Amino acid sequence: MPTDPTPSNLDETVLARIAAIVGSDNIKTEPRTLRSGSRDCFHFSPVLIPQLDQCQADAIVYPATEAELVQVITEAVKAQVPIVPRGGGTGNYGQGVPMQGGLLINTRRMNRIFALTADIAHVAAGVSLWTIEREAAAVGGELRMFPSTIRTSSSAGFITGGSGGVGSIHWGMLRDNDNIRHVRIVTIEAEPQCIDLTTPDALRDVLHNCGLTAFVTEVTFALAPKTRWHQYIYAFDDFAEALAQGEQLARDDGVKKRLATVFEWPIPQYFTPLAGKGACPDGKSLLFLITDRDPAAMASLMAATGATNTFYLPPEDDGARGFQIYDFTWNHTTQWAMKYDSSLTYLQEMFDREQLAAQLAARKERFGDQVSAHIEFVRASDGAIRPAALSIVRYQGREQLWQLIDWCEAHGIRVANPHTHYLDDDIRWFNAGMLDAKRRWDPHQLLNPGHLRALTAQTA
Ligand SMILES: Cc1cc2nc3c(=O)[nH]c(=O)nc-3n(C[C@H](O)[C@H](O)[C@H](O)COP(=O)(O)OP(=O)(O)OC[C@H]3O[C@@H](n4cnc5c(N)ncnc54)[C@H](O)[C@@H]3O)c2cc1C
């Protein structure tokens, strides 16, 4: 395959044609807007900041419909201008950052809900997950899973940039369990095609594609029946105890759950709003749990564990103003940690389901306080519960991070490295099928160039 296209050919004539399609108010070229609108959350990685800090689009365009989008893509392909899709901009690896300028296409005006029942939500790319969760509740449904960024993430941004989140302990990840029923894409061709993908094989080429294979315009999410969720935090004297109890509860299918998260001290001290409410006692490791069990049922379930219940939110407060306990989980944990101490960063791992405690203990012995454990229990595609992790790392340089990653991989802990913007650096996430899909749907390699090592000579 040829290499990525050279820097953008976006000139005044092309801009004028695009402005005629979307209206001049919906195309932006002011330097400040370009800078802020081109960034995502790559600042979570101290390795990525110097690589991506100066990258930005030449224009940001906001189409309202698929028909407008198709016309914009047609113009961009004619002029051979790079195209970068963008939702809420919460991606963590810089995968939505324009590496070669061009047109950043923000989907926030593509916000139609096509159909919403208790079973499915069929929405346009830019509809926020928060909108779906709110609207679904009114018809007796709820999202099966959502990232902790639910309030800002777009539908298409989540299915292309995310992987799972709150709810994954029951429903698994995006690719599992028929969680995503349908995705509609537009190809990046002289005459763009609109294609509906419905089979698991076809969907595999867009789920977690990080905007590299095709432009998503519609998503159909499978929904779950609305549940009355109770939110609890439990404090344990000992991390090993918190882990053992968390794992046991996570594996207990008799207890319906939306979240089971374990934090090793000192992570809880970073959660300042929760600490202010007495939920994070000094030195204690914590278990966060969202379950349908009421306080009386939980009191008897936890009686023998020695844990103290330090925080509770009833179902009436689910989604209410203020915070939810999931606002401190998944990658929000890292956000709180970095806010508390800017030398902190993170890793993303998958531990062995039978060796979790042993692997964590061995890593602690080798790396000490450089790494603190944050475990998110999720359901794997075979139905078993697996310990995913977003460990907090005290950053001492790129070499230390890579040493830690290599050690983890050598000891059976799989790492999805969040400190690279090249999606194909981890072929377990970005599979060879996606490269074939890119050849078919983006033959000129105009879509989100610069994020595939296989297609670029650039090195990290
Ligand atoms: C604090 C924090 C917590 C997070 N927690 C989680 C979590 O719990 N679970 C999780 O999975 N992720 C999590 N993430 C990562 C991120 O939130 C998810 O990837 C998120 O759902 C992305 O949605 P977005 O709309 O912000 O996407 P964006 O950041 O706008 O885009 C993400 C990627 O998708 C591509 N994209 C966007 N729209 C389209 C489209 N229409 N067609 C094709 N490609 C498109 C972009 O080019 C980019 O590569 C977290 C991030 C942060 C900063």
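Thresholds, definitions, all that
Residues numbered from 1 in each chain as written. Predicted model: local features only at pLDDT ≥ 70, side-chain atom pairs only at ≥ 80, totals over all residues. Helix = DSSP H or I, 4+ residues; strand = E, 2+ residues; numbered from the N terminus. Rg over C-alpha atoms; globule rule 2.2 N^0.38 Å. Buried ≥ 20, exposed ≤ 12 C-beta atoms within 10 Å, placed from the backbone. Near = placed C-beta within 6 Å. Axes fitted to C-alpha atoms, helices over the stretch in contact; angles between N-to-C directions. Parallel < 35°, antiparallel > 145°, perpendicular 65-115°, else oblique. Contact = placed C-beta atoms within 7 Å. Nonpolar A, V, L, I, M, F, W, Y, C, P; charged D, E, K, R; others polar. Domains from an automatic or database assignment. pLDDT = per-residue confidence, 0-100. Pairing = 2+ DSSP bridges. Arc of directions from axis to C-beta.

### Considerations on the overall build of the protein
- Along the backbone of the protein there are 15 helices and 21 strands.
- The globule rule puts the C-alpha radius of gyration for 460 residues at 23 Å, and the 22 Å found for the protein is close to it.
- Seen through its principal axes, the protein has C-alpha atoms that stretch 70 × 50 × 40 Å.
- Taking all 460 residues of the protein together, 52% fall into the buried category.

### Brief notes about the site of the ligand
- Taken together, 38 residues surround the ligand, and among them Gly87, Gly157, Gly161, Gly162 and Gly211 come closest.
- Those elements giving two or more residues to the shell around the ligand turn out to be strand E3 (83-86), helix H6 (155-161), strand E10 (215-225) and helix H12 (330-340).
- Ranked by the residues each element gives to the shell around the ligand, the list is headed by H6, at five residues.

### A few points about the packing of helix H1 (residues 12-22) against helix H4 (residues 66-79)
- Packing of H1 against H4 brings their axes to within 9 Å, and their N-to-C directions diverge by 170°. Between H1 and H4, the angle falls in the class roughly antiparallel. Within the contact between the two elements, H1 uses Val14, Arg17, Ile18, Ile21 and Val22 and H4 uses Glu68, Gln71, Val72, Glu75 and Ala79.
- Its residues assigned to classes, the contact of H1 with H4 shows six nonpolar, one polar and three charged.

### Some points on the domain arrangement of the protein
- Under the domain assignment, the protein is made up of domain 1 (12-106), domain 2 (113-226) and domain 3 (230-315 + 322-415).
- Between the C-alpha centres of domain 2 and domain 3 the distance comes to 26 Å.
- At the junction of the two partners, domain 2 supplies 13 residues and domain 3 supplies 16 residues.
- Of the residues assigned to the side of domain 2 that touches domain 3, the class counts are five nonpolar, seven polar and one charged.

### Section: the confidence of the model for the protein
- Averaged over all residues, the pLDDT of the protein equals 95, while 97% of them reach at least 70.
- Low pLDDT (under 50) marks residues 1-6, which in the prediction has 18 contacts with non-local residues, meaning those over four places away or in another chain.

### Examining the sheet that holds strand E17 (residues 371-372)
- Ordered by their spatial adjacency, three strands build an open sheet running E15-E20-E17, and the pairing between neighbours is antiparallel. Two strands in the sheet have a free side with no partner beyond their single neighbour: strand E15 (344-346) and E17.

### What about unusual backbone geometry?
- Here the bond from Trp265 into Pro266 is cis, since omega is 20°, no more than 30 degrees from zero.
- Tracing the chain through its elements places Pro266 in the loop between strand E12 (257-263) and helix H10 (272-275).
- One non-glycine residue, Asp178, adopts positive backbone phi at about 60°.
- When you line up the elements, Asp178 lands in the loop between helix H7 (168-171) and strand E8 (180-186).
- Residue Asp178 is classed as exposed on the basis of its 12 C-beta neighbours within 10 Å.

### Re helix H15 (residues 432-441)
- Listed in full, the buried residues belonging to H15 are Met434, Ala437, Lys438 and Trp441. The arc that holds the buried residues of H15, viewed along the axis, is 105°, so those residues lie on one side. Summarising the geometry of H15, the exposed residues directed more than 90 degrees from the buried face are Ala432, Asp436 and Arg439.

### As for the sheet that holds E12
- Read from one edge of the open sheet, eight strands run E14-E11-E13-E12-E18-E19-E16-E21, paired in antiparallel fashion. Here the strands that pair on one side only, and so sit at the sheet edges, are strand E14 (308-313) and strand E21 (414-415).
- Summarising the sheet, strand E16 (residues 349-350) and E21 pair through two bridges and their orientation is antiparallel. Residue pairing in the sheet places Glu349 in a bridge with Val415 of E21.

### Observations regarding the environment of Ala16
- Within the fold, Ala16 resides in helix H1.
- A residue is classified by how many C-beta atoms lie within 10 Å of it, and Ala16, with 12 of them, is exposed.
- The spatial distance from the C-alpha of Ala16 to the C-alpha of Ile27 is 9.6 Å, given a sequence separation of eleven residues.

### Comments concerning the pairing of E10
- In terms of strand pairing, strand E6 (residues 120-124) meets E10 through five bridges, oriented antiparallel. Across the sheet, the residue bridging to Ile120 is Ala222, located in E10.
- In this sheet, E10 lies alongside E8 in antiparallel orientation, the contact comprising six bridges. By the bridge assignment for E10, Ile180 is matched with Phe221.

### As for the environment of Arg184
- Mapped onto the elements, Arg184 comes out in strand E8.
- Using a count of 23 C-beta atoms within 10 Å as the deciding quantity, one classes Arg184 as buried.
- If near-sequence neighbours (up to four positions away) are discounted, Arg184 is found in contact with Cys194, Asp196, Thr217 and Glu218.

### A word on the environment of Thr345
- Counting through the fold element by element, Thr345 comes out in strand E15.
- Thr345 sits in the buried class, given 21 other C-beta atoms within 10 Å.
- For the pair Thr345 and Gln324, spaced 21 residues apart in sequence, the C-alpha separation works out to 23 Å.

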